[in-house]
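# Structural characterization, general
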Amino acid sequence: MNFNTALLHGGVDKKEKYGSTLTPIYQTSAFYQQSAEDLEGIFSNKTPGYCYTRVANPTVTAFENRITKLEGGVGSVATSSGMSAIFCALTNILESGDEIVSSSSLYGGTIDFFRDLEAFGIKTNYIENNNFEQIENAITENTKLLYAETIGNPCLDVTDIDELAKIAHAHGIPLIIDNTVATPYLVKVFEHGADIVINSTSKYINGSSNAIGGVLTDSGKFKWNKEKFPILKDYIKFGPYAYLAKLRAGLFRNAGACMAPQTAYLNQIGLETLGLRMERQCTNAGKLAEHLEKRYPNIIVNYPGLESSKWHGIGEKLLNGGYGAIVTIRVGSKENAFKLLDELELAYRLSNIGDTKTLVLHPSSTISLHSTKKQKEDAGVFDDLIRISVGIEDIDDLKEDFDKAFKGIGLDA
Ligand code: PLP
């Protein structure tokens, strides 16, 4: 199946009992069985079935199956949020004393979470993205994974996944990629060697900002070694399913990280139009970026699709069908940034990306508020930076909204 077909038909159970084309919302906490023995079978993973929604739920399974198909992995686990997917993906294989080597260009919430991990004896070494030599040098015998975002939020740097995967595998560790900003529409990260992929479904997958959620998918290709990963020793016998088996039997259910059935249902609807939306949003982002760059020489426009972007080349190599739908601009000062945000009429001032509607934000005072000055700079967050998550509106209306706002604050050319 090609991408748009898979969005509609991938992993769908065409034997749904009453003929519903979407798996309905199984809005129940628990599932009864015909006998105590049946229940025991399900609890001990000897028989397939459902017992408790914190462990699994048919609506959530339907969503997970479609994501697995889209990503080309062996299985997925849907979670209560993108942060929860990151929490599960990492803590499933980390122990006290372990280290992470990560791109410094990350979503602020992820940087906050990596700091939380320090209390459990897990340290993160941040390295400038794609600086292969420094990444290589930062890996110690305690390093258990490499971490990066395909397109950094909000830096918009594009990660050379093929190169990072080579480095990770040469050291016997997995590459974990947060693909939230790029989505599987722009790149299937497993084809480039990544081992585990995370998506915050709250963004492009859901598409309409109506539910917080996350999902992680395992390629099943990483060869877990029990000397390097003793934490997985009881699961290595499951081969390509080792990682997911451990997660499902352990932290996922014990931390209560499950996705709500209603969220899974809304995400299934969102997924159906992911391709159409991404196509339109990437085109709009490209046009808006070009317009702003041409018309306002006194500001800096950052978009991987622009020839002027430092990441245009790698974006061209890695991404298919566009360069993402986020544009950032630097307008000279925080004061200008706030004034411009307040002048915009169509674009919503809010902290989210991936909606059908255009959203704008000042990252430094919001999503990166808790990062240090250095962390902000390394993540491409400056005081005069505005992030624009471009929606599906008519492009002329968007251009007009920005032109009016620039005029309103006297920054027009
Ligand atoms: N990863 C990236 C790249 C994000 O932008 C976000 C949220 O903005 C997250 C993860 C966290 O996702 P959630 O808000 O669903 O927890």
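No experiment lies behind these values; they were computed from the predicted model shown.

Basis of the calculations
Residues numbered from 1 in each chain as written. Predicted model: local features only at pLDDT ≥ 70, side-chain atom pairs only at ≥ 80, totals over all residues. Heavy atoms only, no water. Helix = DSSP H or I, 4+ residues; strand = E, 2+ residues; numbered from the N terminus. Buried < 20%, exposed > 50% of the residue type's maximum accessible area, 1.4 Å probe, protein only. Lys, Arg positive; Asp, Glu negative; His and termini not counted. Salt bridge = Lys/Arg side-chain N within 4 Å of Asp/Glu carboxyl O. Polar contact = N/O pair within 3.5 Å; in protein donor to acceptor, adjacent residues only side chain to side chain. Near = heavy atom within 4 Å. Nonpolar A, V, L, I, M, F, W, Y, C, P; charged D, E, K, R; others polar. Pairing = 2+ DSSP bridges. Phe/Tyr/Trp six-rings, centres within 6.5 Å; stacked < 30°, edge-to-face > 60°. Lys NZ or Arg CZ within 6 Å of the ring centre and 35° of its normal. Contact = heavy atoms within 4.5 Å. Axes fitted to C-alpha atoms, helices over the stretch in contact; angles between N-to-C directions.

## Describing the side chain of Glu99
Along the chain, Glu99 falls in strand E2 (residues 99-103). For the buried Glu99, no salt bridge is present, and the opposite-charge side chain at shortest range is Lys123, 4.5 Å distant. At 3.5 Å, the side chain of Glu99 forms a polar contact with the side chain of Asn125.

## A closer look at the site of the ligand
Near the ligand there are 13 residues, and of these Asn153, Asp178, Ser200, Ser202 and Lys203 occur at the shortest range. Measuring from an oxygen atom of the ligand, one finds a side-chain N or O atom of Lys203 at 2.8 Å. The element contributing the most residues to the shell around the ligand is helix H4 (residues 82-91), with 3 residues. Residues that form the shell around the ligand fall into these classes: 3 nonpolar, 7 polar and 3 charged.

## As for the pairing of strand E12 (residues 385-389)
In terms of burial, E12 is largely enclosed, as 5 of its 5 residues are buried. Side chains Leu385, Arg387 and Ser389 of E12 all project onto a buried face; the interleaved residues Ile386 and Ile388 project onto the opposite face, where all are buried too. In this sheet, E12 lies alongside strand E9 (residues 326-330) in antiparallel orientation, the contact comprising 5 bridges. If you follow Arg330 over to E12, its bridge partner there is Leu385. Where strand E11 (residues 359-361) and E12 come together, 3 bridges link them in antiparallel fashion. Bridging from a neighbouring strand, Leu361 pairs with Arg387 of E12.

## A few points about the packing of aromatic side chains
As enumerated under the stated definition, the model contains 12 aromatic pairs in all. Taking the centre distance of 5.0 Å and the plane angle of 85° together, the rings of Trp224 and Phe229 count as edge-to-face. Overall, the relative accessible area of 11% leaves Trp224 in the buried class. Judged by its relative accessible area of 1%, Phe229 is buried. Of the aromatic side chains, those joined through ring pairs into one cluster are Phe87, Phe113, Phe114, Tyr126 and Tyr147. When the ring centre of Phe229 is taken as origin, the NZ or CZ atom of Lys144, which lies over that ring, is 5.7 Å away.

## Considerations on the pattern of salt bridges
For side chains bearing opposite charge, pairing can occur when the charged atoms are close. One pass over the structure, following the stated rule, counts 12 salt bridges. Note that Asp384 and Arg330 form a salt bridge whose closest N and O atoms lie 2.8 Å from each other. With Asp384 in the loop between helix H15 (373-378) and E12 and Arg330 in strand E9, the pair connects residues that are 54 residues apart, well separated along the chain. On the accessibility criterion, Arg330 (27% relative accessible area) is partly exposed. Measuring nitrogen to oxygen at the nearest pair gives 2.6 Å for the salt bridge that ties Asp378 to Lys374. Here Asp378 pairs with Lys374, and both are found in helix H15, just 4 residues apart, close to one helical turn.

## Structural notes on the sheet that holds E11
Strand order across the open sheet formed by 5 strands is E8-E9-E12-E11-E10, with mixed pairing between neighbours. Unpaired on one side and paired on the other, strand E8 (300-302) and strand E10 (348-349) mark the two borders of the sheet. Sitting on the sheet, helix H14 (residues 334-343) is in contact with E9, E10, E11 and E12, with an inclination near 30° to E12.

## Comments concerning the sheet that holds strand E1 (residues 75-79)
An order of E1-E7-E6-E5-E4-E2-E3 is seen for the 7 strands of this open sheet, with the pairing classed as mixed. Either end of the sheet is taken by a strand with one partner, and the two such strands are E1 and strand E3 (123-127). If you compare each strand with its neighbour and ignore which way they point, the axes differ by 20° on average. One ladder, built from 5 bridges, connects strand E6 (residues 196-200) with strand E7 (residues 214-218); its direction is antiparallel. Note on E7: the bridge partner recorded for Ile196 is Asp218. Across the face of the sheet, helix H3 (residues 58-71) comes into contact with E1, E6 and E7 while running at roughly 130° to E1. Contacts between helix H9 (residues 242-249) and the sheet are confined to E1, E6 and E7, with E1 contributing the most and set at about 30° to the helix.

Coordinates in, geometry out; function isn't part of it.
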